[in-house]
Amino acid sequence: MLRAILLCLTLAAPALAQDREVDVELFLAVDVSRSMNPDELEIQRRGYAMALQSDEVIAAILNGMIGTVAITYVEWAGSHSQRTVVPWTLIDSAEDAHAFAGQITANYNASMRRTSISQALRHAADAFEGNGFSGLRRVIDISGDGPNNQGGLVTAARDSVLDRGITINGLPLMTEDPLTASWGIPDLDIYYIRCVIGGPGAFILPVTHWDQFAEAVQRKLILEIAGDLPARLHRAQSRSLPPYDCEVGEKIWERNRRYLDWP
């Protein structure tokens, strides 16, 4: 009798929800620190929206092994400044891609203070847990126009993310503006290679002029979604490089705050 009751209860219980399998879970982490002016923030949002709606990116999504991806778009700045613009969303059609892009440009948000790549990476890694998706790959795509200057060592954050089986790719923004001389570094691409990115097939795509931004994002998304990094790009970026001071951003902040009397 007891056995029959247990069997009935088992059959009546709702099935546990299963995570939706996708080709890749892609976390788009977009820099909106105060060094970004309003025009640059707008270029970024429109650039991502244009790329996601392009025929090439949509084809990369639909031609995957499963033909679906999960993407979220999050803006970040200081240690406690991460805001989700578009939550985790399944994309398996052109209509889904267009709808996602529309949400990116639907609202305008101002920039936020400081630059914490380290906390952006930790926040992104935590966001994969319980998001309802199970990707063949998990990737953080992080953009930025300067080095980490808050939130702990970026290398420690990077290593903890890599330990969770997540790949980190970078989009260093190496454009010139009045703030670059005071807060930026001229070799941001090398900084990203040595201090930020990592994992299987990790790569960067530097942007040196804003008119290149949309094209660079499109190319980067195609590579990340398809998981097919050209061998020549991998060789060029995995070459042996001399030691690098990954705390350069923190040192620049300390140097400048003495003159500006900032906390």
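For the structure itself, look to the data block above.
Here is what the cut-offs are and how they apply
Counting of residues starts from 1 at the beginning of each chain's written sequence and follows it residue by residue. Where local features are concerned, this predicted model is filtered to residues with pLDDT of at least 70; where side-chain atom pairs are given and counted, the filter is 80 or more; whole-chain, interface and lining totals use all residues. Only heavy atoms go into the side-chain values, all of them from the structure, while hydrogens and water stay out. One side-chain nitrogen of Lys or Arg within 4 Å of one carboxyl oxygen of Asp or Glu is enough to make a salt bridge. Under the DSSP-based scheme used, a helix requires at least four consecutive residues in state H or I and a strand at least two consecutive residues in state E, with every element numbered from the N terminus. The classification of residues rests on relative accessible area computed with a 1.4 Å probe and restricted to protein chains. Under 20% of the type maximum is buried, over 50% is exposed, and intermediate values are partly exposed. Residues belong to a common nonpolar core when they are buried Ala, Val, Leu, Ile, Met, Phe, Trp, Tyr or Cys residues joined through side-chain atoms within 4.5 Å. We call two residues in contact when some of their heavy atoms are within 4.5 Å.

This part is about the pattern of salt bridges. The full count for this structure, using the stated rule, is eleven salt bridges. Measuring nitrogen to oxygen at the nearest pair gives 3.7 Å for the salt bridge that ties Glu 129 to Arg 164. Here Arg 164 lies in the loop between helix H6 (154-162) and strand E5 (167-172) and Glu 129 lies in the loop between helix H5 (117-127) and strand E4 (133-144), a separation of 35 residues in the sequence. In this structure Glu 129 comes out as partly exposed when scored by relative accessible area, which is 47%. Two residues, Asp 159 and Arg 158, come together in a salt bridge whose shortest N-O distance is 3.0 Å. Classification of Asp 159 as partly exposed rests on a relative accessible area of 36%. Arg 158 gets classed as buried once you look at its relative accessible area, which sits at 13%. A cluster of three or more residues bridged by salt bridges with shared partners is formed by Asp 126, Glu 129, Arg 138 and Arg 164.

In terms of nonpolar packing, the biggest core is built from 36 residues, with Tyr 48, Ile 71, Tyr 73, Phe 100, Leu 171, Phe 213 and Leu 221 touching the most fellow members. The set of elements that each furnish at least two residues to this core consists of strand E1 (20-31), helix H2 (38-53), helix H3 (55-62), strand E2 (69-76), strand E3 (82-91), helix H4 (94-104) and helix H9 (213-226). No other element matches H9, which puts six residues into this core. In this structure Leu 171 touches Tyr 48, Ile 142, Ser 143, Gly 144, Tyr 192, Leu 205, Val 207, Phe 213, Ala 216, Val 217 and Lys 220, once residues within four positions along its chain are discounted.

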